[in-house]
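Working through the structure, step by step
Residue-level listing of the chains:
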Amino acid sequence: MRRPLVVGNWKMYTIPVRSKELASSLKSNLGNCDWADIVVCPPFTSIAVVASELEGSTIEIGAQNLHWEKEGAFTGEISPGMLVDAGCRWVIIGHSERRHIFGETDDAVARKVKSALESGLKPIVCLGESLRQRDRGVTKDIVKKQLFEAIGDIRDISRITIAYEPVWAIGTGRTASPTQAQDVHRFVRKIIFENWGHDSAAAMRILYGGSVKPDNAVDLRGQEDIDGFLVGGASLKAGSFTAITTAVK
Ligand code: PGA
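Keep in mind that this is a model prediction, so the values were computed, not measured.

**Let's talk about the overall build of the protein chain**
- Across its full length, the protein chain carries eleven helices and eight strands.
- Relative to the globule expectation of 18 Å for 249 residues, the C-alpha radius of gyration of the protein chain, 17 Å, shows essentially globular dimensions.
- Taking the principal axes of the C-alpha coordinates as reference, the protein chain spans close to 45 × 45 × 35 Å.
- Restricting the contact set of the protein chain to residue pairs at least 6 apart, pairs at least 24 apart contribute 72%.
- Within the structure as shown, the protein chain displays about 11,400 Å² of accessible surface, and the carbon and sulfur contribution to it stands at 51%.
- The distance from the centre of the 31 positive side-chain charges to the centre of the 30 negative ones in the protein chain is 2 Å.

**Some points on the nonpolar core**
- Among the nonpolar cores identified, the biggest contains 66 residues, and Leu26, Val113, Ile151, Ile160, Ile162, Tyr208 and Phe229 are the most heavily contacted of them.
- For this core, the element with the most residues is helix H8 (residues 178–196), which contributes seven residues.
- When residues no more than four places from it in sequence are discounted, the contact partners of Ile160 are Val113, Leu117, Pro123, Val125, Ile151, Ile154 and Met204.
- By size, the runner-up hydrophobic cluster in this structure holds eleven residues, among which are Leu5, Val39, Cys126 and Ala163.

**Section: the packing of aromatic side chains**
- Per the counting criterion, the structure on display carries two aromatic pairs.
- Ring centres 6.3 Å apart and planes at 15° place the aromatic pair Phe148 and Trp196 in the stacked group. Here Phe148, found in helix H7 (residues 139–151), pairs with Trp196, found in helix H8; they are 48 residues apart in sequence, far enough to count as distant.
- Sitting above the plane of the Trp35 ring, Lys249 keeps its charged end 4.3 Å from the centroid.

**Brief notes about the packing of helix H10 (residues 214–221) against helix H11 (residues 238–247)**
- It is at 8 Å that the axes of H10 and H11 come closest, and there the two elements cross at 20°. In terms of orientation, H10 and H11 fall into the roughly parallel class. Read as a crossing pair, H10 and H11 show a hand that is right-handed. Here H10 contributes Pro214, Ala217, Val218 and Arg221 to the contact with H11, which in turn contributes Ser240, Ala243, Ile244 and Ala247.
- Partitioning the contact of H10 with H11 into residue classes produces six nonpolar, one polar and one charged.

**Observations regarding the site of the ligand**
- The immediate surroundings of the ligand are formed by 13 residues, with Lys11, His95, Glu165, Gly171 and Ser211 found nearest.
- Separating an oxygen atom of the ligand from a side-chain N or O atom of His95 is a distance of 2.6 Å.
- Between the ligand and the protein, one listed contact pairs an oxygen atom with a backbone N or O atom of Gly232 at 2.9 Å.
- For the ligand, whose unbound accessible area comes to 280 Å², protein coverage reaches 96%.
- Class assignment of the residues belonging to the shell around the ligand gives a composition of four nonpolar, seven polar and two charged.

What counts and how
- Residues numbered from 1 in each chain as written.
- Predicted model: local features only at pLDDT ≥ 70, side-chain atom pairs only at ≥ 80, totals over all residues.
- Heavy atoms only, no water.
- Helix = DSSP H or I, 4+ residues; strand = E, 2+ residues; numbered from the N terminus.
- Rg over C-alpha atoms; globule rule 2.2 N^0.38 Å.
- Contact = heavy atoms within 4.5 Å.
- Areas by Shrake-Rupley, 256 points an atom, 1.4 Å probe, with all protein chains shown as cover.
- Lys, Arg positive; Asp, Glu negative; His and termini not counted.
- Charge placed at Lys NZ, Arg CZ, Asp CG, Glu CD.
- Core = buried A, V, L, I, M, F, W, Y, C linked by side-chain atoms within 4.5 Å.
- Buried < 20%, exposed > 50% of the residue type's maximum accessible area, 1.4 Å probe, protein only.
- Phe/Tyr/Trp six-rings, centres within 6.5 Å; stacked < 30°, edge-to-face > 60°.
- Lys NZ or Arg CZ within 6 Å of the ring centre and 35° of its normal.
- Axes fitted to C-alpha atoms, helices over the stretch in contact; angles between N-to-C directions.
- Parallel < 35°, antiparallel > 145°, perpendicular 65-115°, else oblique.
- Left-handed = near helix turned anticlockwise from the far one by under 90°.
- Nonpolar A, V, L, I, M, F, W, Y, C, P; charged D, E, K, R; others polar.
- Near = heavy atom within 4 Å.
- Polar contact = N/O pair within 3.5 Å; in protein donor to acceptor, adjacent residues only side chain to side chain.

The structure is reproduced here in structure tokens:
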């Protein structure tokens, strides 16, 4: 049995004082959660305050991005070691907003995944097709390509989580139907089975992301290959994030 995982991606919202409040409410609602792993990914400037607020709870912290180098003249970037030092255990890599708005390539995603693993961070690798790609019927080709580019030459994938996030469902209020999501999740698990073997496929947690809300979480989670969620908008309110986490039980 795979333990459910729920990740909150706070994106570029919440200044530290607000992050502290949100973390504090999450700690009282979910700080002793024993049915799922929970990760919150605040903006960089809030990581320290959230880490200190969540001390003594089971909620862990992730970053939303990183640079693959350990240090150097890389203005505006942040290294894996800096994130670990600040209290992060996880990192989101290849989010569609990084890929589409900031031009992050498959090659950069692959470097980031390797570097994160070397530093002891657990990568949450995002994959997903655009609306045009879905309409052209190439969803699975895209997801397969992104998956291989990101982790294809990594042998031990036990610390990696995959997040399937159809680009057309992110922040749009349009969710993939449970059947649409399950179809891609099953496909991803099949690729992992064929290339990494049974144990890796059975253990891999594949999250769904894209307009997850308390009222669609139960049906999505009811699908065999959906092991949890990567939540954007609804992770900014303690009530809705708690309800979504309760839905994965
Ligand atoms: P959303 O974002 O839940 O606001 O659609 C999901 C994500 O970007 O990870």
